[in-house]
Amino acid sequence: MVEEKAKEILKQEEIIRKKKKKNIALYTMYRCFSWDLLFYYAIIYLFLTIEKGLSPAQYMQFDAFYVLFKCGMQIPCTMLIGKIGKRNSLVIANFVLAMHLLVIIFSQSFIDLLLSQVFCAFAFVTKATCESDMLYDALEHNEKRGGIFSKLDGKAMSIYYYLDAISAVLSGFLFVVNAYIPMVICFTIAFISFLVSTKFEDIEVRKKVTIKEEMKGIRYAFRGIFRSKRLKSLLVFNGIFVAILRILQTLRNTILTEIGVEEQYFGVIFAILGIISGIATRNQGRIHSRFRNKTLAFLSIPTACSCLVIGLGLFFHLPIQIMYVIVTIGFIIQYIAKGPYYVLIKRYFNNFTTSQKRVKIATANNIMENAIAAILVFVASYVLEVAPIYDSVVMIGCLAVGGVVLWLDHMRGRVGLKMEEYSKKEIA
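**Things to note about the packing of helix H9 (residues 229-258) against helix H13 (residues 320-350)**
Close contact between H9 and H13 brings their axes to 11 Å; oriented N to C, the two are set at 150°. In terms of orientation, H9 lies roughly antiparallel with respect to H13. Crossing angle aside, the handedness with which H9 passes H13 is left-handed. Along the lines of polarity and charge, the residues of the contact of H9 with H13 split into 18 nonpolar, two polar and three charged.

As structure tokens, this is what we get:
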């Protein structure tokens, strides 16, 4: 009897080991196509402002509502994940993401576009909670786990940026031929990602819980998270910096239009920037090793300052040749920071955690990130609506620099310490 039980245990361990190995092997291919939408970001501003008739301020509101919906979706999505598991939730999320693109393609009003953002919010909230944890759960529990995770996730994301660069070039020229072609290709890739996600194996052991129990678990988890000054500082910083990145995403398109760049070259510009971001992402480990507890300052301060400098250039009506140089350098700085940041911030959140705690931390992070980002993006859209682009970029740049510098100063002594320097309540 004992021998049979031992054999059964060994058999189950072997099954789990094979599932983990499969998930690790599948993750890179899946992640590099599904981390974000291909054939989308280089032309979505043009698609919505030209084809669907939105103003730049309305476009930013479109994005702000998406962030707001993400905030509202977080608890329901977390409960869904707890109920049906990470793998099944990920499959549903990828399907809904593909459907959201169809809603945009066939939309006839701003209300239709807002509906698409509800779908998009559900999809990306679920994906953000599950995707990286699918890899993390498959890795061996040892001190090298964080480094291996960053290496594999960084590799996948760097490949995504290279693919995004290629798709950006193609989408810019395809948009000129027919505005709907890049959107249809984007939908096709999203649907393929859905099919690939069905190949993941569910390796977690779940117990059935009621909605009341899940809410109680989330409440207690949040209580523990918000007792940690380290996590609170990271949560607020991430919300501020993600808001800046989202605002800059819209401003880049508006700035290019303002300085007279033709539509078909948008894709080429964002492709080159995507390659730069891919290279930077591949080297996120070196950035962390070089700057250690100053990494977040290294990534965020130049990004915020680049917005302010571009705004000042527009405000003082500098010659177009000088503006080309300023805008190019500013955009490069922003893309160098963007890729590594998304990998490294996950690493910092995941430090000193278990699988269950990572889900709760991801939930808390998504709520804080989206609540802060929604408020700041709505503020930026209002500024863009009431003030000329020259004034708007300067004001947004000043707010970005001030917010980043003040919060980084607040984080001193709370973030970036060695494990033994934290008290027990500081470790989630």
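Still to come is the rest of the account.
**Let's talk about unusual backbone geometry**
In this structure, Phe39 takes a positive phi of about 65° despite not being glycine. Residue classification places Phe39 among the buried residues on the basis of a relative accessible area of 11%.

**Focus on the nonpolar core**
Formed by 101 residues in total, the largest nonpolar core has its most connected members in Tyr40, Phe47, Leu48, Met183, Leu251, Leu296 and Tyr341. With 16 residues, the single largest contributor to this core is H9. Setting aside its immediate chain neighbours within four residues, Met183 contacts Tyr40, Ile43, Ile44, Phe47, Leu101, Ile104 and Ile105. If you look at the next biggest cluster of nonpolar residues, it comprises 13 residues, including Tyr27, Tyr30, Cys130 and Val196.

**Remarks on helix H2 (residues 44-51)**
Among the eight residues of H2, six are classified as buried, and the element is accordingly described as predominantly covered. Taken together, the buried positions of H2 are Ile44, Tyr45, Leu46, Phe47, Leu48 and Thr49. The first or second residue beyond H2 is Gly53, which carries a positive phi of 80°.

**Here's the deal with the pattern of salt bridges**
Across all of its chains, the model carries two salt bridges by this definition. Between Asp63 and Arg246 there is a salt bridge, with the nearest N and O atoms lying 2.5 Å from each other. Here Arg246 lies in helix H9 and Asp63 lies in helix H3 (residues 56-84), a separation of 183 residues in the sequence. When the shortest N-O distance is used, the salt bridge between Asp409 and Arg412 registers 3.7 Å. Residue classification places Asp409 among the partly exposed residues on the basis of a relative accessible area of 47%.

**What about the packing of aromatic side chains?**
Counted by the stated rule, this structure contains 20 aromatic pairs. Seen in terms of ring centroids, Phe65 and Phe378 are 5.2 Å apart; in terms of plane orientation they differ by 90°. Their pairing is edge-to-face. Here the residue Phe65 occupies a position in helix H3, and Phe378 occupies one in helix H14 (residues 355-386), the gap between them amounting to 313 residues. On the accessibility criterion, Phe378 (27% relative accessible area) is partly exposed. Over the ring of Phe291 we find Arg290, and its NZ or CZ is 5.0 Å from the ring centre.

**Comments concerning the environment of Lys70**
One can find Lys70 in helix H3. On the basis of relative accessibility, which here comes to 11%, the residue Lys70 falls in the buried class. Sequence-wise, Lys70 and Val125 are 55 residues apart; in three dimensions their C-alpha atoms are separated by 6.2 Å. Excluding its chain neighbours within four sequence positions, the residues that come into contact with Lys70 are Ala121, Val125, Glu369 and Asn370.

**Quick notes on the packing of H3 against helix H4 (residues 86-106)**
The contact between H3 and H4 brings their axes to 11 Å, and the two run at 150°. With respect to H4, the element H3 is oriented roughly antiparallel. When you trace H3 past H4, the crossing you get is right-handed. Here Phe62, Leu80, Ile81 and Ile84 of H3 come into contact with H4, specifically with Lys86, Asn88, Ser89, Ile92 and Ile104. Considering only residue class, the contact of H3 with H4 consists of six nonpolar, two polar and one charged.

Conventions adopted
- Residues numbered from 1 in each chain as written.
- Predicted model: local features only at pLDDT ≥ 70, side-chain atom pairs only at ≥ 80, totals over all residues.
- Heavy atoms only, no water.
- Axes fitted to C-alpha atoms, helices over the stretch in contact; angles between N-to-C directions.
- Helix = DSSP H or I, 4+ residues; strand = E, 2+ residues; numbered from the N terminus.
- Parallel < 35°, antiparallel > 145°, perpendicular 65-115°, else oblique.
- Left-handed = near helix turned anticlockwise from the far one by under 90°.
- Nonpolar A, V, L, I, M, F, W, Y, C, P; charged D, E, K, R; others polar.
- Buried < 20%, exposed > 50% of the residue type's maximum accessible area, 1.4 Å probe, protein only.
- Core = buried A, V, L, I, M, F, W, Y, C linked by side-chain atoms within 4.5 Å.
- Contact = heavy atoms within 4.5 Å.
- Salt bridge = Lys/Arg side-chain N within 4 Å of Asp/Glu carboxyl O.
- Phe/Tyr/Trp six-rings, centres within 6.5 Å; stacked < 30°, edge-to-face > 60°.
- Lys NZ or Arg CZ within 6 Å of the ring centre and 35° of its normal.

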